Amino acid sequence: MDVLVTLFYILFAICVVHPPAEFVSAGFTIPQLFDNFLGSENTNFVGYHMKRTTITALIHSALPVGYVVTLWCAGQRGEWMLASFAAMMIIPGLVILKLVSWWEHKSKHPIVKPLIPYVTPGIDWRVIAADLNTQFRSVDKVSIPLSATSKFVVTQIWLIKLTQYGLNLVKQSDCTLVATAADRHNLSTTGEDEVQYVNIEVIPTRDDIEKFSFRISTTSLRELQPRLDRAVRVPENISLLPTLIERFIEVFKQHIEENPVYITDQELELCIGCMQNTADVKLNRRCDPQENVEEPYRPCEQCNCRVLWCCSCMARWWVSRAGGPPSSWLAARGSCPVCRAVFCLLDVSPARPPP
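This report concerns the structure included in the present document. Just so we're clear, the structure is a prediction, and the values are computed from it rather than from any experiment.

Describing a nonpolar patch on the surface
- Nonpolar side chains collect at one region of the surface, where Val-3, Leu-4, Leu-7, Ile-10 and Ile-14 lie side by side and expose about 510 Å² of accessible area between them.
- Along the chain, Leu-4 turns up in helix 1 (residues 2-17).
- Classification of Leu-4 by relative accessible area gives exposed; the value is 59%.

Next up, the structure:
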């Protein structure tokens with residue numbers, strides 16, 4: 001019985017410290033349970049996390065005491081119970097003393113302490129906190145979850161990493177972001193769903209600011225890049241995994257290059273899809289419209305539109321119309337973005353001017 005209770009409590013403690021997705025969705029996390037006390041993160045970012053770290057530290061320190069209480073409730077009796085309870089109470093007692101010290105001298109609080117390097121003489125740290133609160137309320141910020149208990153936030157001025165017991169803070173103008181490692185994981189046996197995670201180190205240019213690191217997926221990194229003043233430096237020995245769409249575009253281009261070239265007399269202009277690349281593909285029916293037509297596809301049709309699209313935009317348009325799993329995209333049918341004529345992969349020819 002004691003072994004079962006111990007195993008159950010260890011599992012419970014792990015879920016409290018590092019809540020799984022099921023606990024998060026059920027609202028059984030410390031910030032969610034104490035939502036009314038903590039207030040709104042969006043309204044008072046600094047104050048919210050000062051309370052959150054305080055409650056988190058207090059509850060985590062009480063877990064050993066909770067184990068002794070759980071054994072007692074399960075019927076365990078013995079002379080050692082009282083001594084164990086008293087010994088375990090030392091931990092939350094010391095933590096409470098530390099928490100009181102934090103709130104008496106708020107500049108030592110782990111949420112406030114990273115703000116101090118940016119406090120100029122004669123100005124209170126609350127001025128920096130107010131600016132941080134304002135920045136966090138901005139709709140332009142990007143918040144990327146790192147785990148169930150941490151996240152990385154980018155505002156117009158600040159880079160913020162929030163953890164269970166504190167935060168790391170630095171101005172974008174005072175740091176450099178460098179990718180230090182990357183690893184890939186297959187989410188399916190076919191390798192079609194592959195995710196890559198990148199370890200990024202934030203290196204401050206000031207000695208009074210502590211450097212920190214975080215780990216995000218390549219997809220999140222691409223979402224993050226436009227909001228950074230300086231791009232993340234990626235060493236040559238680290239290759240970022242292209243997105244599924246980017247990989248399909250490369251395969252699409254390889255197949256298109258195998259089709260006969262369409263010679264056009266028109267002057268090739270910019271692609272009307274991206275307005276960056278030169279339009280270089282023409283939809284020209286080559287296959288027999290009555291062969292190999294399976295439901296729900298219609299027979300291929302002749303497109304009489306000019307050369308308007310580049311290969312990359314045509315591939316993206318193809319994916320948006322294909323649907324289904326990625327393994328079936330090449331076998332699908334597309335429709336001309338302008339005249340809606342149905343075409344297959346054999347009908348997409350690279351367009352070239354006369355030699």
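Let us keep going from here.
With respect to the nonpolar core
- Grouped together as the largest cluster of nonpolar side chains are 39 residues, with contacts concentrated most on Leu-159, Leu-177 and Phe-214.
- Sort the elements by how many residues they give to this core and helix 8 (residues 125-137) lands first, with 5 residues.
- When residues no more than four places from it in sequence are discounted, the contact partners of Leu-159 are Phe-152, Val-153, Val-154, Asn-168, Leu-169, Val-170, Gln-172, Cys-175, Leu-177, Val-202, Phe-212 and Leu-228.
- If you look at the next biggest cluster of nonpolar residues, it comprises 26 residues, including Cys-303, Cys-313, Met-314 and Ala-315.

Side note on the environment of Arg-286
- With respect to the helices, strands and loops of the structure, Arg-286 is situated in the loop between strand 9 (281-283) and helix 11 (311-322).
- Sequence separation between Arg-286 and Cys-303 is 17 residues; the distance between their C-alpha atoms is 11 Å.
- Setting aside residues up to four positions removed in sequence, Arg-286 forms contacts with Asn-259, Pro-260, Leu-346, Asp-347 and Ser-349.

Observations concerning the sheet that holds strand 5 (residues 175-186)
- The strand order across the open sheet built from 3 strands is 5-6-7, with neighbouring strands paired in antiparallel fashion. If you trace the sheet from one side to the other, it starts and ends with strand 5 and strand 7 (212-217), each paired once. Going across the sheet, the axis of each strand differs from the next one's by a mean of 20°, ignoring polarity.
- In this structure, strand 6 (residues 194-204) lies alongside strand 7, joined through 6 bridges in antiparallel fashion. Within strand 7, the residue paired with Val-202 across the bridge is Phe-212.

Calculation rules
- Residues numbered from 1 in each chain as written.
- Predicted model: local features only at pLDDT ≥ 70, side-chain atom pairs only at ≥ 80, totals over all residues.
- Heavy atoms only, no water.
- Patch = residues over 30% accessible without salt bridge, like charges linked within 9 Å, V, L, I, M, F, W, Y side chains within 5 Å.
- Areas by Shrake-Rupley, 256 points an atom, 1.4 Å probe, with all protein chains shown as cover.
- Salt bridge = Lys/Arg side-chain N within 4 Å of Asp/Glu carboxyl O.
- Helix = DSSP H or I, 4+ residues; strand = E, 2+ residues; numbered from the N terminus.
- Buried < 20%, exposed > 50% of the residue type's maximum accessible area, 1.4 Å probe, protein only.
- Core = buried A, V, L, I, M, F, W, Y, C linked by side-chain atoms within 4.5 Å.
- Contact = heavy atoms within 4.5 Å.
- Pairing = 2+ DSSP bridges.
- Axes fitted to C-alpha atoms, helices over the stretch in contact; angles between N-to-C directions.

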